[in-house]
Structures are given as C-alpha cells and as structure tokens.
Amino acid sequence: MHELKSLIKEAGDLAMGSPESEANRMLQICNACRYCEGFCAVFPAMTRRIEFTPSVVNYLANLCHNCGACLHACQYAPPHEFGVNIPRVMAQVRKETYITYSWPKSFGALYKSNGVSVSIAVSLSITFFLLLSALLNDSLFLGPLEGNFYAVFSHNTMAVMFGVVFSFSLLAIAIGIVDFWKSISAGVISTSAAVEATHDALTLKYLGGGHGEGCNNEDDAFSLWRKRFHHFTFYGFMLCFAATSVATIYHYFFGWYAPYALSSLPVILGTLGGIGLLIGPAGLLYLNLQRNSAHGDASQKPMDRAFIVLLFLISASGLLLLAYRDSAAMAALLAVHLGFVMGFFLTMPYGKFAHGMYRVAALLKNSIEKRQKGHTKFGAD
C-alpha cells in the first residue's frame, strides 16, 4: 500500500491533468498491482514497460477494447482515493488520437464535438442535393423504372461521386494510420505477427473480457452480446462491400448491367449484409444507451451514436430501396440511400469507424513486440 501511495505522489497528483497524464498515473498503479494482468492484451503490454510516454499511452488506449472487466475487478476504482478507471481514461485518450491523427486536422476538430449533428447534416444535405438534381432532370417522378437506378442517376455520375468520396476517405484514413504507426514505433511486421493480429481483430478476441464470458455493460454481469452485435455490424458491412465489389466486376468485366435479379449474387450478398447492419447497430445502440456511465467517456457518446445511427439508416434505406425498386418511390428512396451512404463515407475518417483501423494497428504492434527478443518483460504474455 505504501508503494502505491508513493506512485500517486510521484505521478504529481495529475487527476485533473490531460488524458495522457492521467492514464500514466493509473498505469503506474496498475503496473504495481497487476491483478488484471490476464484480462486482455493491454495489461501484458503494460508490464513490458516501466514508463508510459504519450506515444505508449496512445498505443495502449487503442489496444483497449473497453470491455469493462478491469474496472469491476479493480480494488482501487472509485470511490477509492486512487480513482483508477482504465476504461474511461483509455476512451478519453482514444478520442484524442482520432483528433491528433486526423487529416485534415480541422475536420477532426469539428467532428470532435458535433458527431451526430455533423453526420446527419451532411447526409441530409447530400440527400437534398440528389433529390433536387433528380427533380431538375425530370427523373424524380418518372414512375416505375423496373429497378433501373441509372435512369435516375447515370452510372458515370454515381461512379464519379462515390469514387471521389471513397478515395478521399481512404486517403484521410491512410494518412492517419501511417502517422499513428510511426508515432508508436511499431517495429518490423512478420508473417506470424500479422496472422495473429488479423485473427484477434476478426474474432474480436478481447471483447471476451479476458475470460471468454464477455463484457460488462450495465453492471458487473458478463455478456457476449456486445461482441455478437459487433460481429453482425462488421460482417454485415463486409457483405455489403462484397456485394458492391461483385456488381462492379459484373459491370466492367462481364458487361452484366444492373438491375440484377433478386436471386443474383450481388443482391443476395447485399440483402444479408443489410440485415446484419440492422441487427448489429440496433443492438449496439441499445447497449450504448444502457451502458454504465463509468465505462467510458460521456463526450464520445455523440460520435459513437452517430456512427451506429448512420449504419442503421444506410441499411434500412437500402433494404427499402430493394423492396420498392419497382415502384414510383424508387427515385426518392435511391436519393435518400445514396445521401446516407455518401454522408457516412465523408465522415468515416473522423468518427467511430476510425477506431477499428487504429485498433488493428495496435493489435499488430502487440503481436510484433511479443516476438521481439530482449524486450523488457515484467510479466507473462
């Protein structure tokens, strides 16, 4: 106990300091206690260090999956005078990394405090623009078009619009990840490290709470629903991406043009993905609304919920478009769906989507450093 109190004094009583300094204070305490060493990847990575610089804290924060297990197990959690709350401080640091590594910087700063309003405003603005364009082109009220989207907006128009938006998003995310990777001095990637990190990311290994029983949400009870809803969301998104990719191959390589039959591969993949993107975001939003406030950073709730709501609206509008693609409502539904999709991609580098990219980078660094010879080790991996 005396040693832990000394650590508090040496940390300079930084309880009101920056998220990085507060994380440093708490990690010093955790490094002395080590009760949670087997919970997730964060604590073994922590035990390899004796100091926690801002770059180390950024790395550990993005390695944290915010399962909440350490908070409920911690004997120094509030109301204890040490006030250790790793999930909250790591969430605060993660938000700072989104802003620090965002490109352009001004966009990240804007999204920092206006997640819901910015995302919805962008989506609705694009939707209005598309509706107006269709109206001016006399394609909004053409009547049933047998699912021919290109009668409303030409293929080249949609390809250019989405090509520009998607390319910008990829560039912005890539610049941020490269800067983050350089700042955490990740090391040389080996095949085994890449395979392990990919497995951990795709299976969401660390949403198991360190014991396989799941995360804590409202209280200290364990549940796997957060992990399951993340899987629905991620794999639903990937199925939708696969549907778009297959349709692109059909169009450019085989000369098979939309609309495609309900039994076609693009439609089947898109429908399954859309269902996943209804179930996953709806479940995650429910859990987010029910979650114990001590588990995270309240200022990030707008960003988290904007991401979830946009994904849900994209899926809902897409499935409605499929259901009514042969009706007179198709043109308006297409504009709404495209508006939400473009709004999502424009804000993607500055919202919750980015956390997945940074987390994969952190998992990869974790796999790399576990294989480094001579690395300082004070605990078992």
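Keep in mind that this is a model prediction, so the values were computed, not measured. (Residues numbered from 1 in each chain as written. Predicted model: local features only at pLDDT ≥ 70, side-chain atom pairs only at ≥ 80, totals over all residues. Heavy atoms only, no water.)

Undergrad: Hey, could you go over the packing of aromatic side chains for me, with residue numbers and the actual values?
TA: Per the counting criterion, the structure on display carries 19 aromatic pairs. Taken together, the ring pairs in this structure connect F166, F237, F307, F344, F345 and F353 into an aromatic cluster. Sitting over the face of the ring of W225, R228 holds its NZ or CZ atom 4.8 Å from the ring centroid. The aromatic ring of Y59 is capped on one face by K365, whose charged end is 5.1 Å from the ring centroid. (Phe/Tyr/Trp six-rings, centres within 6.5 Å; stacked < 30°, edge-to-face > 60°. Lys NZ or Arg CZ within 6 Å of the ring centre and 35° of its normal.)

Undergrad: I'd like to hear about the confidence of the model for the protein, residue by residue, with values.
TA: For the protein, the average pLDDT comes to 87, and 92% of its residues sit at 70 or higher. Averaged pLDDT values over the elements of the protein bottom out at 46 in helix α1 (residues 2-10) and peak at 96 in helix α12 (residues 265-290). Predicted confidence for residues 377-381 stays below pLDDT 50, and this span has 16 contacts to residues more than four positions away or in other chains. (pLDDT = per-residue confidence, 0-100. Helix = DSSP H or I, 4+ residues; strand = E, 2+ residues; numbered from the N terminus. Contact = heavy atoms within 4.5 Å.)

Undergrad: Describe the nonpolar core, listing the residues and the values that go with them.
TA: Inside soluble globular proteins, nonpolar side chains tend to come together where they are buried. Among the nonpolar cores identified, the biggest contains 81 residues, and F43, M90 and F344 are the most heavily contacted of them. Those residues in contact with F344 that sit more than four places away from it in its chain are S123, F237, F307, L310, L311, I314 and F353. By size, the runner-up hydrophobic cluster in this structure holds seven residues, among which are Y250, Y260, V267 and L269. (Core = buried A, V, L, I, M, F, W, Y, C linked by side-chain atoms within 4.5 Å. Buried < 20%, exposed > 50% of the residue type's maximum accessible area, 1.4 Å probe, protein only.)

Undergrad: Pulling in residues and values, what's your account of the packing of helix α2 (residues 19-33) against helix α4 (residues 54-63)?
TA: At a minimum axis separation of 10 Å, α2 and α4 run at an interaxial angle of 80°. The angle between α2 and α4 falls in the class roughly perpendicular. Every residue of α4 that contacts α2 at E20, A23, N24 and L27 is listed here: P54, V57, N58 and L60. Taken together, the residues of the contact of α2 with α4 break down into five nonpolar, two polar and one charged. (Axes fitted to C-alpha atoms, helices over the stretch in contact; angles between N-to-C directions. Parallel < 35°, antiparallel > 145°, perpendicular 65-115°, else oblique. Nonpolar A, V, L, I, M, F, W, Y, C, P; charged D, E, K, R; others polar.)

Undergrad: Lay out helix α6 (residues 86-100) in plain terms, naming residues and giving numbers.
TA: The terminal C-alpha atoms of α6, which comprises 15 residues, lie 21 Å apart, in line with the 21 Å expected from a rise of 1.5 Å per residue. Among the 15 residues that make up α6, 11 are buried, leaving the element largely enclosed by the rest of the structure. What α6 keeps buried is the set I86, P87, V89, M90, A91, V93, R94, K95, T97, Y98 and I99. A side-chain oxygen of the first residue of α6 lies 3.0 Å from the backbone nitrogen of R88; this N-cap is N85. (Expected span 1.5 Å × (residues − 1). Polar contact = N/O pair within 3.5 Å; in protein donor to acceptor, adjacent residues only side chain to side chain.)

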